[in-house]
Amino acid sequence: MEDLYDAIARLKKERNAVILAHVYQPEEIQEIADFCGDSFGLSQEAARTDADVIVFCGVRFMAETANILSPDKITLLPAPDATCRMFDDTLEARVKAVLAQHPEYKVVSYVNTPASVKALSEICCTSSNAVKVVESLPKDQELLFVPDQDLASFTAEQTHARIIPWQSACPTHFNLTVEEVEAAKKAHPGALVLMHPECRPQVRALADYVGSTTGIVKYAEQSDREEFIIATECGVLTQLAWKCPHKKFYMAGDMVCPNMKKTTLEKVKQALETLEPRVVVPEPIAEKARVALERMLAVK
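Let us look at the structure shown here. Since the structure is predicted, the reported quantities are computational estimates derived from the model, not experimental observations. (Residues numbered from 1 in each chain as written. Predicted model: local features only at pLDDT ≥ 70, side-chain atom pairs only at ≥ 80, totals over all residues. Heavy atoms only, no water.)

## Observations regarding the overall build of the chain
Working step 1: Scanning the chain from terminus to terminus reveals 15 helices and 12 strands.
Working step 2: Whereas a compact globule of 300 residues would reach a radius of gyration of roughly 19 Å, the chain reaches 19 Å, a difference of no more than 12%.
Working step 3: In terms of overall dimensions, the chain has a C-alpha envelope of 60 × 50 × 30 Å along the principal axes.
Working step 4: The buried share of the chain, taken over its 300 residues, is 53%.
Working step 5: Across the chain, the fraction of contacts at a sequence separation of at least 24, relative to all contacts at a separation of at least 6, is 61%.
Working step 6: Of note, the chain has its 33 positive side-chain charges centred 3 Å away from the centre of its 43 negative side-chain charges. (Helix = DSSP H or I, 4+ residues; strand = E, 2+ residues; numbered from the N terminus. Rg over C-alpha atoms; globule rule 2.2 N^0.38 Å. Buried < 20%, exposed > 50% of the residue type's maximum accessible area, 1.4 Å probe, protein only. Contact = heavy atoms within 4.5 Å. Lys, Arg positive; Asp, Glu negative; His and termini not counted. Charge placed at Lys NZ, Arg CZ, Asp CG, Glu CD.)

In structure tokens, the structure reads:
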């Protein structure tokens, strides 16, 4: 009898599909992926392939970005209920309301936003290029930074920009406490703390390195140190174990994103069989969002 792994491999070939997995996904999902990484980088990888179908193992805004960059490909989201806890469906309306009151604001949107909010944006950014993106804009421009207040504060700390942070945060990172990080440092005194910028400022102050998930993995790979405390979603441990098999990694706290764990092998197989559920960004929204993404890519 054909097992799940074999069935997915067969269907992937039949559909001429590419499977993308964010590094926060379960290990078995990362194992079947053609590409693992950060959300925007994955969408770029998919756009460069000749695949007809993109299977995005992540959350909805990630699949939307893939569809924006590859409108000619079918984009599938195996876990259609995988949303982002940093915002809800009212975000677009609330951003529009703020802009109506403050038309002088320009929106800088984290790629971790819905397509509809990217379409309202002057430019997008990632956790790795937020500082460069903001520094590329006029210094006297008031910037509404959406939707993560902690990435906004991290960016503000390193620039002289006039940043108005949106009052929202990623619960997985926001809930990490100073006490948890200090306890991990005490338990592993020789370990370096590698942290995502979505953590709160007082928590970031305890880090030896702050960067994106890709940045964290690269730092661990290139460092001559052997032990690390990881302060981001626990799924990244899979990549760290694969790429640094002789090094030791310890979680700073209980950092699990429930939405990132909704993808299963069964759901991937079903998506490839049925070519559903699809994510399609309406072209008027996609066109405006694409401009904001292209502006980001132009920043060097």
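## Thoughts on helix α3 (residues 39–48)
Working step 1: Every buried residue belonging to α3 is among Ser39, Phe40, Leu42, Ser43 and Ala46, and all of these are buried. Relative to the axis of α3, the buried residues are bounded by an arc of 160° and lie together on one face.
Working step 2: Among the structural elements, β1 (17–22), β2 (35–37), β3 (53–57), α4 (60–69) and α15 (283–298) are those in contact with the buried residues of α3. (Arc of directions from axis to C-beta.)

## Here's the deal with the pattern of salt bridges
Working step 1: Following the criterion strictly, the structure yields 14 salt bridges and no others.
Working step 2: Residues Asp88 and Arg94 are paired through a salt bridge, measuring 3.7 Å at the closest nitrogen-oxygen approach.
Working step 3: Arg204 serves as the salt-bridge partner of Glu157, at 2.8 Å between the closest nitrogen and oxygen. With Glu157 in helix α8 (residues 149–157) and Arg204 in helix α11 (residues 201–204), this pair connects stretches of sequence that are 47 residues apart. (Salt bridge = Lys/Arg side-chain N within 4 Å of Asp/Glu carboxyl O.)

## Quick look at the nonpolar core
Working step 1: Among the nonpolar cores identified, the biggest contains 69 residues, and Val95, Val108, Leu144, Phe145, Val146, Ile230 and Met296 are the most heavily contacted of them.
Working step 2: Ranked by size, the runner-up nonpolar core spans 17 residues in total, among them Ala33, Leu76, Val268 and Leu275. (Core = buried A, V, L, I, M, F, W, Y, C linked by side-chain atoms within 4.5 Å.)

## Considerations on the packing of aromatic side chains
Working step 1: Summed over all chains, the structure comprises three aromatic pairs.
Working step 2: Consider the rings of Tyr209 and Tyr219, whose centres lie 4.6 Å apart with planes at 25°: the pair is stacked. Placement of Tyr209 in strand β10 (residues 209–210) and of Tyr219 in helix α12 (residues 213–222) is noted, with a sequence separation of 10 residues between them.
Working step 3: Among the residues examined, Tyr209 registers a relative accessible area of 23% and is labelled partly exposed.
Working step 4: Under the relative-accessibility criterion, Tyr219 is labelled partly exposed at 28%.
Working step 5: Measuring from centroid to centroid gives 5.5 Å for Phe228 and Phe249, while their planes differ by 20°, and the two rings are stacked. Within this pair, whereas Phe228 is found in strand β11 (residues 227–231), its partner Phe249 is found in strand β12 (residues 248–251), the two being separated by 21 residues in sequence. When sorted by exposure, Phe228 lands in the same class as Phe249, which is buried. (Phe/Tyr/Trp six-rings, centres within 6.5 Å; stacked < 30°, edge-to-face > 60°.)

## Details of the side chain of Thr159
Working step 1: Within the secondary structure, Thr159 sits in the loop between α8 and β8 (162–165).
Working step 2: A polar contact is formed between the side chain of Thr159 and the backbone oxygen of Thr155, at a distance of 3.1 Å.
Working step 3: With residues near it in sequence (within four places) discarded, Thr159 still touches Val131, Val134 and Glu135. (Polar contact = N/O pair within 3.5 Å; in protein donor to acceptor, adjacent residues only side chain to side chain.)

## Looking at the sheet that holds strand β4 (residues 74–76)
Strand pairing in a sheet relies on backbone hydrogen bonds. The paired strands run either parallel or antiparallel.
Working step 1: Taken in spatial order, the four strands of this open sheet run β2-β1-β3-β4, and their pairing is parallel. At either margin of the open sheet sits one strand with a lone partner, and together these are β2 and β4. Ignoring which end each strand starts from, the neighbouring axes of this sheet average 20° apart.
Working step 2: Of the strand pairs in this sheet, β1 and β3 are connected by five bridges, and their pairing is parallel. Within β3, the residue paired with Leu20 across the bridge is Phe56. (Pairing = 2+ DSSP bridges. Axes fitted to C-alpha atoms, helices over the stretch in contact; angles between N-to-C directions.)

## Let's talk about the sheet that holds β11
Working step 1: Spatial ordering of the open sheet is given by β10-β9-β11-β12, a layout of four strands whose pairing is parallel. Whereas interior strands pair on both sides, the edge strands pair on one side only; in this sheet they are β10 and β12.
Working step 2: For strand β9 (residues 192–195) and β11, the ladder comprises four bridges, and the chain directions are parallel. Note on β11: the bridge partner recorded for Leu192 is Phe228.
Working step 3: Packing against the sheet, helix α10 (residues 178–187) makes contact with β9, β11 and β12, and its axis sits at approximately 145° to β9.

## Notes on unusual backbone geometry
Working step 1: In this model, Val146 is joined to Pro147 through a cis peptide bond whose omega is -5°.
Working step 2: Secondary-structure assignment places Pro147 in the loop between β7 (142–146) and α8.
Working step 3: Residue Pro277 is bonded to the preceding Glu276 through a cis peptide linkage, with omega at -5°.
Working step 4: Mapped onto the fold, Pro277 is located in the loop between α14 (265–274) and α15.
Working step 5: The phi dihedral of Asn16 is positive, around 50°, even though this residue is not glycine.
Working step 6: Tracing the chain through its elements places Asn16 in the loop between α1 (4–15) and β1.
Working step 7: One non-glycine residue with positive phi stands out, namely Leu275, at about 55°.

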